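Next come the chains, spelled out residue by residue.
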Amino acid sequence: MSSELAFMGLVDIGKLINKRKLSSLEATQSSLERIEQLDPKLKSYVTILADSALKEARRADREHKQGKHRGPLHGVPVAVKDLCDMKGIATTVGIPMFRKSIAERDATVVRKLRDAGAVILGKLHLTEGALATHHPDIPPPQNPWVRDRWSGASSSGTGVAVAAGLAYAALGSDTGGSIRFPASCNGVVGLKPTWSRVSRYGVFPLSETLDHIGPLARTVEDAAAVLGAIAGRDPLDPTSSPLDVPDYLQGIRWGVKNVRIGIDRKYAFAGVDAQIRKAIERALAALKTAGATIVPFKMPAADAALAAWGPLCSADAALAHSASYPSKKRGYSDIFGGFLAAGRSLSALDYSRAEIARREFRGAMDNVFQSIDLMIKPVYAKLNPTVRSFNAMCAKEGGLDALITFTAPDDITGQPTITLPAGFDTNGSPLSLQLVGRHFEEALLCRAGRVWQNEIEWTRARPPLAP
């Protein structure tokens with residue numbers, strides 16, 4: 001597959017297919033060839049669905065020939081994280097003993113991708129149970145920019161596949177930062193929608209009350225297009241929002257004139273590497289030049305909310321795995337098994353205390369967003385670590401807490417975020433930043449993200465994919 005074709009945007013590829021200047025079959029065959037060539041080293045895919053993908057591509061071409069156009073994803077090759085059910089295919093959830101867990105139906109997000117005419121190339125690797133580290137028996141996906149660097153958690157395969165041109169976009173999930181970390185590490189855009197904006201039906205949970213399903217893509221426009229396809233009310237998920245889904249692409253060029261961008265430097269820069277701070281200041285300057293108003297504000301105390309994340313997530317995870325833990329304890333690593341054990345040991349009082357902290361923090365953040373429209377902050381305080389140093393950090397007490405300082409609060413509140421590339425650090429690894437918005441204001445996040453995208457021209461950047 002030519003690099004030029006592989007690194008085109010999803011929306012652009014969709015337009016070519018719609019105009020019949022490129023066939024879906026050609027795009028799909030090229031994607032599969034590139035996966036065959038590169039993924040044995042990158043290890044982003046769990047399951048490659050070549051036969052069904054080619055069948056879907058041929059159908060898309062027939063429909064285009066008949067004048068039927070399903071939207072911007074019609075005929076475009078994409079992929080999904082391997083906690084999304086696909087009928088007849090195993091959902092491994094990053095755990096080897098689940099390799100024979102064959103799904104009986106499609107997850108709603110998979111069905112919606114199919115309804116939008118997307119071609120599904122396969123299912124992507126993730127960390128064990130969608131927590132922080134990969135199962136010891138599964139080789140982790142490799143960062144395509146710098147091979148010894150972390151590829152993110154938990155949607156590691158999603159981030160790698162999109163960054164390396166092995167899919168035009170892909171689905172991930174975010175419970176404590178699992179869309180944002182892979183987007184940050186791999187230099188792509190990650191769009192975490194509002195909790196309930198996207199159905200979770202058929203998606204194996206880490207935490208029913210914290211999980212968000214959303215896209216990773218190489219451009220803001222592409223992420224917006226995918227979100228538009230998968231969002232909306234689902235009768236199979238009673239927690240899904242009944243609010244109408246806007247056309248996220250329609251107003252994406254409107255910019256940020258008079259938009260209030262909030263920054264609390266004491267909060268956002270505390271212990272943060274100087275290169276990340278510099279990237280955020282540059283983004284603020286670009287947004288201000290584009291017409292935004294930069295508004296200082298005081299971040300509410302987040303300590304109680306961060307302390308609540310562990311009990312909430314571990315208890316929910318223990319419930320999700322109750323059919324196999326502790327009865328099949330040997331199939332879990334010590335790290336994830338310990339997390340499930342911690343969840344099972346919690347009392348009702350522990351969970352109630354955490355739930356109260358969640359609600360109080362959400363209320364405090366709702367008050368903050370009375371005076372600002374968007375908030376800017378890092379994804380992670382440090383530069384992208386090596387795989388070895390990341391694993392060592394997670395093995396230490398409090399290591400996971402330090403990792404999710406800037407990400408977990410937005411899962412606690414359920415607010416939408418967009419993670420944006422911001423250049424490279426001195427190690428050659430991508431830098432990033434994130435914007436946080438009000439509930440259901442993903443369209444504004446995309447508008448602001450596009451302003452910054454145009455400023456840094458990130459879409460021209462491609463990983464070297466060195467052996």
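Presented here is a report on the structure given in the accompanying data block. (Residues numbered from 1 in each chain as written. Predicted model: local features only at pLDDT ≥ 70, side-chain atom pairs only at ≥ 80, totals over all residues. Heavy atoms only, no water.)

A word on the pairing of strand β6 (residues 212-217). Within β6, 6 of the 6 residues are buried, leaving the element largely enclosed by the surrounding structure. In the sheet, strand β4 (residues 169-174) pairs with β6 via 6 bridges, with the strands oriented antiparallel. When the sheet's bridge partners are listed, G172 is paired in β6 with G214. Bridging between strand β5 (residues 189-192) and β6 involves 2 bridges; their strand directions are antiparallel. Bridging across to β6, G190 finds its partner in L216. (Buried < 20%, exposed > 50% of the residue type's maximum accessible area, 1.4 Å probe, protein only. Helix = DSSP H or I, 4+ residues; strand = E, 2+ residues; numbered from the N terminus. Pairing = 2+ DSSP bridges.)

Moving on, we come to the packing of aromatic side chains. For the structure on display, the rule yields 10 aromatic pairs. Between the aromatic rings of W150 and F390, the centroid separation amounts to 4.1 Å while the plane-to-plane angle is 20°, which identifies the pairing as stacked. In this pair, W150 sits in the loop between β3 (119-124) and α6 (156-163) while F390 sits in helix α14 (residues 387-395), placing the two residues 240 residues apart along the sequence. For the pair shown, W150 and F390 are each scored as buried. With centroids separated by 5.5 Å and ring planes inclined at 85°, the aromatic side chains of Y325 and Y332 adopt a geometry described as edge-to-face. Per residue, the accessibility class of Y325 equals that of Y332, and both read buried. Here the aromatic cluster, defined as three or more aromatic residues joined through ring pairs, consists of Y325, Y332, F336 and F339. Positioned over the ring face of Y201 is R105, at 5.1 Å from the centre of the ring. (Phe/Tyr/Trp six-rings, centres within 6.5 Å; stacked < 30°, edge-to-face > 60°. Lys NZ or Arg CZ within 6 Å of the ring centre and 35° of its normal.)

Within this structure, the stated rule accounts for 23 salt bridges. For D82, the salt bridge is made with K123, and the minimal N-O distance between the two is 2.8 Å. Within this pair, whereas D82 is found in the loop between β2 (77-81) and α5 (108-115), its partner K123 is found in strand β3, the two being separated by 41 residues in sequence. Residue class for D82 comes out buried when judged on its relative accessible area of 0%. Here D373 ties to R438 by a salt bridge, and the two come within 2.8 Å at their closest N and O atoms. Here D373, found in the loop between α13 (348-368) and β9 (374-377), pairs with R438, found in the loop between β11 (430-437) and α17 (442-456); they are 65 residues apart in sequence, far enough to count as distant. R438 gets classed as partly exposed once you look at its relative accessible area, which sits at 22%. Each of D174, R180, K192, K377, D410 and D411 takes part in one network of salt bridges that share partners. (Salt bridge = Lys/Arg side-chain N within 4 Å of Asp/Glu carboxyl O.)

On the surface, K55, R58, R59, R62 and K68 cluster together into a patch of positive charge. By the secondary structure assignment, K68 is in the loop between α4 (50-65) and β2. (Patch = residues over 30% accessible without salt bridge, like charges linked within 9 Å, V, L, I, M, F, W, Y side chains within 5 Å. Areas by Shrake-Rupley, 256 points an atom, 1.4 Å probe, with all protein chains shown as cover. Lys, Arg positive; Asp, Glu negative; His and termini not counted. Charge placed at Lys NZ, Arg CZ, Asp CG, Glu CD.)

With that out of the way, let us pick up the side chain of S151. Among the structural elements, S151 can be located in the loop between β3 and α6. Within the local environment of S151, its side chain forms a polar contact with the backbone oxygen of P141, the two atoms lying 3.0 Å apart. Excluding residues that lie within four positions of it along the chain, S151 makes contacts with H134, P141, Q142, N143, S156, V160, P182, C185 and N186. (Polar contact = N/O pair within 3.5 Å; in protein donor to acceptor, adjacent residues only side chain to side chain. Contact = heavy atoms within 4.5 Å.)

So, about the side chain of H135. Tracing the backbone shows H135 in the loop between β3 and α6. Residue classification places H135 among the buried positions, given a relative accessible area of 7%. At a separation of 3.0 Å, a polar atom in the side chain of H135 contacts the main-chain amide nitrogen of D137. If we ignore the near neighbours within four places in the chain, the residues touching H135 are G94, P96, E128, G331, Y332 and S333.

At a minimum axis separation of 9 Å, helix α8 (residues 220-230) and α17 run at an interaxial angle of 160°. Taken together, α8 and α17 sit at an angle that is classed as roughly antiparallel. Helix-helix and strand crossings are classified by hand; for α8 and α17 the assignment is left-handed. Mapping the contact onto sequence places V220, E221, A224 and L227 in α8 and E442, C446, G449, R450 and Q453 in α17. (Axes fitted to C-alpha atoms, helices over the stretch in contact; angles between N-to-C directions. Parallel < 35°, antiparallel > 145°, perpendicular 65-115°, else oblique. Left-handed = near helix turned anticlockwise from the far one by under 90°.)

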